[in-house]
Amino acid sequence: MLNKEEAQRLIEEVLAAYPPDAAADRAKHLTVVEEATGEGSCGITANRKSQPGVMTIRGCAYAGSKGVVWGPVKDMIHISHGPVGCGQYSRAGRRNYYVGHTGVNAFGTMNFTSDFQEKDVVFGGDKKLAKLLDEANALFPLNKGISIQSECPVGLIGDDIEAVAKQKGAEMGKPVVPVRCEGFRGVSQSLGHHIANDTIRDFILDRQESTANEAGPYDVAILGDYNIGGDAWASRILLEEMGLRVVAQWSGDGTLAEMERTPQVRLNLLHCYRSMNYISRHMEAKYGIPWMEYNFFGPTRIADSLRRIAARFDSRIQEGAEAVIARHQPMVDAITHHFRPRLEGKRVMLYVGGLRPRHVIGAYEDLGMQVVGTGYEFGHNDDYERTNEDLSNTTLIYDDASGYELEKFVERVRPDLVGSGIKEKYVFQKMGIPFRQMHSWDYSGPYHGYDGYAIFARDMDMTINNPCWKMMTPPWR
Amino acid sequence: MPEIMLRRNEKGELLCYVPKKDLEAVVREVEFDQEERWGGRLYLANGEILHLNPLPARPRLPLTARAHKVTT
């Protein structure tokens with residue numbers, strides 16, 4: 001167990017390695033929370049530019065737009081406009097599952113790029129883009145629209161992608177969305193989410209006042225669920241089981257038509273607050289659709305979320321929610337009974353992205369585990385405020401931790417499990433510490449919903465109690 | 001003069017969101033909270049005070065408005 005003084009000393013020790021200016025800046029991003037007060041943002045400064053010279057784990061605005069928000073919209077072509085690398089090295093890495101025939105009516109795992117060469121940078125890439133749009137549309141006629149995801153050079157040379165998009169959009173009769181998500185914008189992928197949300201607002205929601213389907217009394221939309229390993233499906237069945245009609249999934253396994261229809265739903269259900277709160281706020285202001293956050297990790301939070309969602313509807317849905325919870329209770333009990341004794345008391349450190357540093361805490365606690373450290377790569381103050389409500393023991397909080405800080409923290413706290421990204425995975429495994437890659441569930445999943453809980457529990461057990469950890473001798477022994 | 005967005009949260013509390021600062025705080029008290037006059041000083045849970053020019057009626061939420069910071 002971590003106590004406050006020790007943790008504070010640990011932070012000071014880590015900061016001692018920096019020059020005074022850097023240490024003063026980093027000190028604002030590291031803190032210890034003793035117990036949740038439910039108020040305030042843990043006293044942390046967030047969403048600031050990373051220190052030059054340290055290894056940050058953050059991504060860029062392009063990653064936030066193409067990789068997170070736009071990428072999973074399966075029936076649209078997303079062009080990585082610029083050099084080939086950005087699109088290719090991020091291709092299909094997030095495992096946003098979808099149903100469809102790739103290359104025919106779905107394009108999720110494909111990489112479309114304008115493959116900028118020197119001459120495109122010197123003479124501008126607009127002509128190439130126009131040609132590319134025509135080509136893509138001719139080769140894949142079942143696409144419902146095209147988004148142009150700008151990479152850094154496009155912004156640097158000042159190409160007018162908006163003009164090209166407008167002209168080609170009119171020719172094709174499909175939405176062609178120019179997204180100004182050049183990687184250098186903002187301090188992390190977070191601005192990419194915002195930019196992507198804004199383009200959805202400007203180019204999709206307002207494109208046609210959709211009248212295609214009749215709005216039902218129980219229509220809801222799932223926002224901010226990217227269907228990683230099937231997450232959105234595991235969430236969707238629970239909502240449908242309780243009597244709601246899920247009209248749209250944003251954007252995991254989502255389609256353009258679903259997005260266009262979202263302004264008619266009764267309630268927007270927001271899973272990843274960080275990446276889609278902007279569009280939720282917009283829809284609340286413009287269409288009067290209320291939104292609420294929910295958490296589908298671990299049975300305690302699921303039951304709580306289902307009840308809170310149901311409370312927004314009539315008694316039929318409320319009874320439905322209770323029935324769903326009751327029906328899954330035996331399964332949940334069996335899982336907890338089986339895995340809890342194997343995981344009880346284990347300590348976890350997390351360092352992930354937008355919602356998991358707080359959302360998965362409940363799932364770990366359901367298994368008797370404790371989260372002793374958590375932090376966001378690109379969270380904002382409002383994320384840390386929300387985190388505060390979820391913490392139940394003394395917890396180390398780190399915002400935009402550098403590779404060095406994270407390594408030091410883990411070395412000293414020595415948790416039983418670290419959950420972070422692929423860049424951290426092998427570092428910690430070589431230190432002899434079990435690791436789960438919590439961005440895309442380490443090639444497993446889903447982790448959402450009751451079905452996801454079973455897989456989550458199995459994976460955590462499989463990782464922590466793997467016999468290999470006893471067989472290796474770390475280099476310092 | 002930051003832009004603010006006012007809405008109600010699930011508990012029915014008035015919530016003030018300042019996009020520029022990523023600040024989302026409960027409004028503890030509104031200076032003028034009447035049918036024909038609404039606004040004035042907004043006392044936020046984090047101790048900050050914002051001033052919103054009083055509106056002639058109780059607004060329909062969510063509301064996007066400009067407010068300014070009151071230094072005390």
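Since the structure is predicted, the reported quantities are computational estimates derived from the model, not experimental observations. (Residues numbered from 1 in each chain as written. Chains lettered and ligands numbered in written order. Predicted model: local features only at pLDDT ≥ 70, side-chain atom pairs only at ≥ 80, totals over all residues. Heavy atoms only, no water.)

A. Region of interest: the overall build of chain A. Of the regular secondary structure elements, chain A holds 21 helices and 14 strands. For 477 residues, the compact-globule formula gives about 23 Å, and the C-alpha radius of gyration of chain A, at 23 Å, lands near that figure. Dimensions of chain A, computed from C-alpha atoms along their principal axes, come out at roughly 65 × 60 × 40 Å. When each of the 477 residues of chain A is scored for burial, the buried share is 59%. Considering only intrachain contacts with a sequence separation of at least 6, the fraction spanning at least 24 residues in chain A is 72%. Accessible surface, chain A as shown: approximately 18500 Å² in total, 53% of it carbon and sulfur. Averaging the positions of the 54 positive and the 62 negative side-chain charges in chain A gives two centres separated by 3 Å. (Helix = DSSP H or I, 4+ residues; strand = E, 2+ residues; numbered from the N terminus. Rg over C-alpha atoms; globule rule 2.2 N^0.38 Å. Buried < 20%, exposed > 50% of the residue type's maximum accessible area, 1.4 Å probe, protein only. Contact = heavy atoms within 4.5 Å. Areas by Shrake-Rupley, 256 points an atom, 1.4 Å probe, with all protein chains shown as cover. Lys, Arg positive; Asp, Glu negative; His and termini not counted. Charge placed at Lys NZ, Arg CZ, Asp CG, Glu CD.)

B. Examining the overall build of chain B more closely. What chain B contains, in helices and strands, is zero helices and seven strands. By the compact-globule yardstick of 11 Å for 72 residues, chain B fits well, its C-alpha radius of gyration being 11 Å. Expressed as lengths along the three principal axes of its C-alpha atoms, the size of chain B is roughly 30 × 30 × 20 Å. Looking at chain B as a whole, 42% of its 72 residues qualify as buried. Taken as a whole, chain B presents about 4200 Å² of accessible surface, with 48% of it coming from carbon and sulfur.

C. Structural view of the pattern of salt bridges. Residues and elements named next belong to chain A. Inspection of every chain in the model, using the stated rule, returns 35 salt bridges over all chains. For R58, the salt bridge goes to D400, with nearest N and O atoms at 3.5 Å. Remark: D400 occurs in the loop between β12 (395-398) and α18 (403-413) and R58 occurs in the loop between β1 (30-33) and α3 (61-70); sequence separation between them is 342 residues. In this structure, R58 and D400 share a single accessibility class: buried. D382 is the partner of R274 in a salt bridge, and the nearest nitrogen-oxygen pair spans 3.1 Å. Note that R274 is positioned in helix α12 (residues 273-287) and D382 in helix α17 (residues 381-390), a separation of 108 residues in sequence. (Salt bridge = Lys/Arg side-chain N within 4 Å of Asp/Glu carboxyl O.)

D. The nonpolar core, seen in detail. All names here are of chain A. Among the nonpolar cores identified, the biggest contains 92 residues, and W70, L239, M242, W250, L306 and Y364 are the most heavily contacted of them. Per element, the largest residue contribution to this core is eight residues, and it comes from helix α14 (residues 315-343). Sequence-distant contacts of M242, defined by excluding residues within four places in its chain, comprise L306, I309, A310, R316, I317, G320, A321 and V324. In this structure, A7, M349, M431 and I433 belong to the second largest nonpolar core, which totals 27 residues. (Core = buried A, V, L, I, M, F, W, Y, C linked by side-chain atoms within 4.5 Å.)

E. Structural context of a nonpolar patch on the surface. The grouping of A:I422, A:Y426 and A:Y443 at the surface amounts to a nonpolar patch, some 320 Å² of accessible area in total. Relative to the assigned elements, A:Y426 resides in helix α19 (residues 422-430). (Patch = residues over 30% accessible without salt bridge, like charges linked within 9 Å, V, L, I, M, F, W, Y side chains within 5 Å.)

F. The sheet that holds strand β5 (residues 176-179) of chain A, seen in detail. All names here are of chain A. The parallel open sheet is built from four strands, whose spatial order is β3-β2-β4-β5. Bordering the open sheet on either side are β3 (112-113) and β5, each of which pairs with just one other strand. Docked against the sheet, helix α8 (residues 161-172) engages β2 (76-81), β4 (145-150) and β5, running at close to 170° with respect to β5. (Pairing = 2+ DSSP bridges. Axes fitted to C-alpha atoms, helices over the stretch in contact; angles between N-to-C directions.)

G. Main features of the packing of aromatic side chains. Within the structure shown, the criterion is met by 16 aromatic pairs over all chains. Plain terms: the ring middles of A:Y376 and A:Y384 are 4.9 Å apart, the flat faces sit at 75° to each other, and that makes the pair edge-to-face. Here A:Y376 and A:Y384 have matching classes, each one buried. With 6.1 Å between their ring centres and 15° between their planes, A:F428 and A:F435 make a pair best called stacked. Ring-pair connections join several aromatic residues into one group, and the members of that group are A:F297, A:Y364, A:W441, A:Y447 and A:F456. The ring of A:W441 has A:R356 lying over it, and the distance from NZ or CZ to the ring centre is 4.4 Å. Between the NZ or CZ atom of B:R37 and the centre of the ring of B:F32, over which it lies, the distance is 3.8 Å. (Phe/Tyr/Trp six-rings, centres within 6.5 Å; stacked < 30°, edge-to-face > 60°. Lys NZ or Arg CZ within 6 Å of the ring centre and 35° of its normal.)

H. Fine view of the interface of chain B and chain A. Listed per partner, the contact involves ten residues of chain B and 18 residues of chain A. Counting each side, the surface lost to burial between chain B and chain A is near 1200 Å², with a carbon and sulfur contribution of 37%. Among the residues chain B hides against chain A, the three largest losses belong to B:E10, B:D22 and B:E24. Together they make up 46% of the total. The tally of links between chain B and chain A comes to four salt bridges. When the shortest N-O distance is used, the salt bridge between B:E24 and A:R281 registers 2.9 Å. Counting across the chain B and chain A interface gives five residue pairs in polar contact (both at pLDDT 80 or more). Elements supplying a minimum of two residues to the side of chain B that touches chain A: β1 (3-8) and β3 (23-33) of chain B. (Buried area = accessible area lost by both parts, 1.4 Å probe. Polar contact = N/O pair within 3.5 Å; in protein donor to acceptor, adjacent residues only side chain to side chain.)

I. Representation of the domain arrangement of chain A. Residue and element names in this part refer to chain A. By the assigned domains, chain A splits into domain 1 (4-56 + 344-439), domain 2 (61-186) and domain 3 (212-323). Averaged C-alpha coordinates put domain 1 and domain 3 at centres separated by 29 Å. In this assembly, domain 1 packs against domain 3 so that about 1300 Å² is buried in total across both faces, 50% of it on carbon and sulfur atoms. Counting the contacts that link domain 1 with domain 3 gives four salt bridges. (Domains from an automatic or database assignment.)

J. Region of interest: a negative patch on the surface. Residue and element names in this part refer to chain A. Judged by side-chain charge, E5, E6, E34 and E35 come together as a negatively charged surface patch. Among the structural elements, E34 can be located in the loop between β1 and α3. Residue E34 is classed as partly exposed on the basis of its relative accessible area of 43%.

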